[in-house]
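The chain contents come next:
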Amino acid sequence: MIDLMTDKVTPNDREKHDEGRQGEAYAPFVQDPNQYQKRFYIESYGCQMNFADSEVVASILNQEGFGATRNLEEADLIFINTCSIREKAEQTVRKRLTEFRKLKLRKKGMLVGVLGCMAERLKSKFIEEERLVDIVVGPDAYRSLPELVAEASGGQKAVNVLLSRDETYADISPVRLDSNGVSAFVSIMRGCNNMCSFCVVPFTRGRERSRDAASILDECRDLFEKGYREVTLLGQNVDSYYFVEESTNRVITFANLMEEVAQLSPLLRVRFSTSHPKDITDEVLHVMARYDNICKYIHLPVQSGSTRVLQLMNRTYTREWYLAKVDRIREIMPDCGISSDIIAGFCTEEEQDHLETLAVMEYSRYDMSYMFFYSERPGTLAQRRYTDDIPLEVKKRRLQEIVDLQGRLSFESNKRDLNKSFTVLIEGDSKKSDQDWMGRSSQNKVIVFPKENYPLQKGDYVNVQVTDCTQATLLGKIIA
Ligand code: SAH
Ligand code: SF4
Ligand code: F3S
């Protein structure tokens, strides 16, 4: 069940709703105290991009002699990588900063840095508003962290929020912080050129740019060699990936890139996130269909089911166009999982618009959705042009209807999987019992099943037949 007041948004928070990517099976986040004399602590909020960025930050800090710690008390440097997507996300960060303040009063010389989207949005205002903050760094300025830390150590406040047109951190090898050792995120592009009117991301992350394809392939190959079995190619809008290889002048599209990653090994699963419905091409769908190891799962955020509202949102597609895209996906890949993002109560939304959203959900048979009520963000097109005119109770009531419908759709989707069998990539022990494995199907559904006496380990593939299900999870049994 989703708490309507919390901001369970982001791909990372997303994971908290299910069994995956959480729990005890993680490699320790602590780095060898003998190798590093100084220690940093980092906490991340927001989307997977932020979590991937924190791994870049960790790599830069390691170079400077800072090792990661999980223990706030022993940190010389505390970083919080922040999100601005909704007001609630920013409130969470402010609350956390108050806690850091108490710690800082006790520990002399400890520095607090704010990274990410909220740093970019508030810039040096952050330092005026939150006196305890010593360092403010935007998402494109992490390379300057060593100088900023040095500056702040000398007692000055240090700020760099310059956005870049070409920074992709391509050459920095991320330090996997909270990894289960099986699945990893690989950032392939940064920024966003779409101007969805509700969204703050184009302002906090800047212009779109694609990362050198060769460096992406190297990173994926390296992960595979280290035992990883799944990579998720990350970007705000992966389908507009576009890179021209300098030596050959060859144009590499998202479809080309995904195919090359898939060809690294049939044992390496490939996922991606996120697609803007307007940009996902037939070429991408055909490449997906052609490779068993490209997961049959697309996150295709609709936002609203009403053409009129979609237009105000500047999503550039209509309801019909979106539904035709869903049809096309199902035509090319009948077994493909589809999920969505939905915003309830956008400016001017009427009951009829809301009903259209419910109808689109029903038609698309989403396996899962991330659902929010509209939160006006300063500086966005919607904030400048429209009035945030839907009363909070109405937003919440509509959101609750959306959440309820999704609950039913998810359950129905899971029930359709009963008795079917799936190839599951084992991610680790299930949350509830070390007698059970937890893994995912190609369609990104979580499956929990007893280990029995099979000699398996995480990172292995196994065939599992679904025997039972809840709304959130499939339960199964290994097929010998
Ligand atoms: N680039 C991704 C989305 C990133 S933000 C994409 O286009 O799919 C993740 C989700 O947060 C969005 O899809 C949207 O549903 C939601 N969101 C963004 N801005 C919001 C706002 N102002 N209020 C409520 N939800 C918002
Ligand atoms: Fe925001 Fe739209 Fe860009 Fe997604 S595609 S990050 S919703 S502007
Ligand atoms: Fe949040 Fe920035 Fe991601 S606003 S959702 S952390 S791009």
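The structure displayed is predicted, hence computed values, not measured ones. The numbers attached to residues start from 1 for each chain and follow its sequence in the written order. Labels follow written order: the first chain is A, the first ligand is 1, and so on. pLDDT decides what is reported in this predicted model: residues at 70 or higher carry local features, side-chain atom pairs at 80 or more are listed and counted, and totals for whole chains, interfaces and linings draw on all residues regardless. Only hydrogens and water are removed before side-chain values are computed, so all heavy atoms of the structure are retained for them.

**Student:** A description of the nonpolar core should follow, citing residues and the corresponding values.
**Tutor:** To qualify as a nonpolar core, a set must consist of buried Ala, Val, Leu, Ile, Met, Phe, Trp, Tyr and Cys residues joined through side-chain atoms within 4.5 Å. Relative accessibility decides the category of a residue: with a 1.4 Å probe and only protein chains considered, values under 20% of the type maximum give buried, values over 50% give exposed, and everything between is partly exposed. Ranked by size, the top nonpolar core spans 71 residues in total, and within it L233 and I298 carry the most contacts. A run of DSSP states H or I qualifies as a helix once it reaches four residues; a run of E qualifies as a strand once it reaches two. Both are numbered from the N-terminal end. For this core, the element with the highest residue contribution is helix α9 (residues 254-262), accounting for six residues. In what follows, a contact means two residues having at least one pair of non-hydrogen atoms within 4.5 Å. Setting aside residues up to four positions removed in sequence, L233 forms contacts with V186, I188, C220, V238, F254, M258, V261, V270, R271, F272 and S273.

**Student:** Tell me about the site of ligand 2, and name the residues and values.
**Tutor:** Within the structure, ligand 2 sits among C192, N194, C196, F198, C199, V201, P202, Q236, H276 and R315. Gly counts as polar in this scheme, as do all residues outside two lists: the nonpolar Ala, Val, Leu, Ile, Met, Phe, Trp, Tyr, Cys and Pro, and the charged Asp, Glu, Lys and Arg. For the shell around ligand 2, the class distribution of residues is six nonpolar, three polar and one charged. A single heavy atom is enough: if one lies within 4 Å of a molecule or strand, its residue is considered near that molecule or strand.

**Student:** Got a sec to walk through the packing of helix α13 (residues 351-364) against helix α15 (residues 392-416)? Specific residues and values, please.
**Tutor:** Remark: α13 packs on α15, axes separated minimally by 10 Å, with the N-to-C direction vectors making an angle of 15 degrees. Overall, the two elements α13 and α15 adopt an arrangement that is roughly parallel. In the crossing of α13 with α15, the sense of the turn from one axis to the other is right-handed. Along its contact with α13, which presents E351, H354, T357, L358, M361 and E362, the element α15 presents R397, R398, E401, I402, L405, Q406, R408 and L409. Residues that form the contact of α13 with α15 fall into these classes: five nonpolar, three polar and six charged. Helix axes are fitted only over the stretch in contact, all axes being lines through C-alpha atoms; the angle between N-to-C directions runs from 0 to 180 degrees. Throughout this description, any angle smaller than 35 degrees is read as roughly parallel, any larger than 145 degrees as roughly antiparallel, any in the 65 to 115 degree range as roughly perpendicular, and the remainder as oblique. Take the far helix as your reference; a near helix turned counterclockwise from it by less than a right angle gives a left-handed crossing, and one turned clockwise gives a right-handed crossing.

**Student:** Residue-level account of a nonpolar patch on the surface, with values.
**Tutor:** Taken together, the side chains of Y242, V244 and V251 present a nonpolar region at the surface, about 250 Å² in accessible area. By secondary structure assignment, the location of V244 is in strand β11 (residues 242-244). Each patch is built from residues lacking any salt bridge and having more than 30% relative accessible area; the joining distance is 9 Å for like charges and 5 Å for nonpolar side chains (Val, Leu, Ile, Met, Phe, Trp, Tyr). In this description, accessible areas are obtained by the Shrake-Rupley approach with a 1.4 Å probe, and a residue is regarded as covered only by the protein chains that are shown. In the sections that follow, a salt bridge refers to a side-chain nitrogen of Lys or Arg positioned within 4 Å of a carboxyl oxygen of Asp or Glu.

**Student:** So what's going on with the site of ligand 3? Residues and values would help.
**Tutor:** Taken together, C47, N50, T82, C83, S84, I85, C117, V201, R205 and Q236 form the complete shell of residues around ligand 3. In terms of residue class, the shell around ligand 3 is built from five nonpolar, four polar and one charged. Both domains that meet at the shell around ligand 3, namely domain 1 (22-160) and domain 2 (183-413), each give it at least three residues. Note that the domain bounds were set by an automatic or database domain assignment.

**Student:** Explain the domain arrangement of the chain to me, and be specific about the residues and the numbers.
**Tutor:** With domains assigned, the chain is organised as domain 1 (22-160), domain 2 (183-413) and domain 3 (421-478). Computed over C-alpha atoms, the centres of domain 2 and domain 3 are 26 Å apart. The interface of domain 2 with domain 3 comprises 18 residues on the first partner and 15 residues on the second. Defined here as a combined quantity, buried area equals the accessible surface (1.4 Å probe) lost by two parts on assembly, summed across both. Surface buried jointly by domain 2 and domain 3 totals about 1300 Å² across both partners, of which 49% is contributed by carbon and sulfur atoms. Taken as a group, R229, R269 and F411 account for 39% of the area that domain 2 buries against domain 3, more than any other trio of residues on that side. Inspection of the region where domain 2 meets domain 3 yields one salt bridge. Here a polar contact is recorded for every N or O atom pair within 3.5 Å, except that within protein the pair must consist of a potential hydrogen donor and a potential acceptor, and residues adjacent in sequence are included only if both atoms are side-chain atoms. Where domain 2 packs against domain 3, one counts nine residue pairs in polar contact (both at pLDDT 80 or more).

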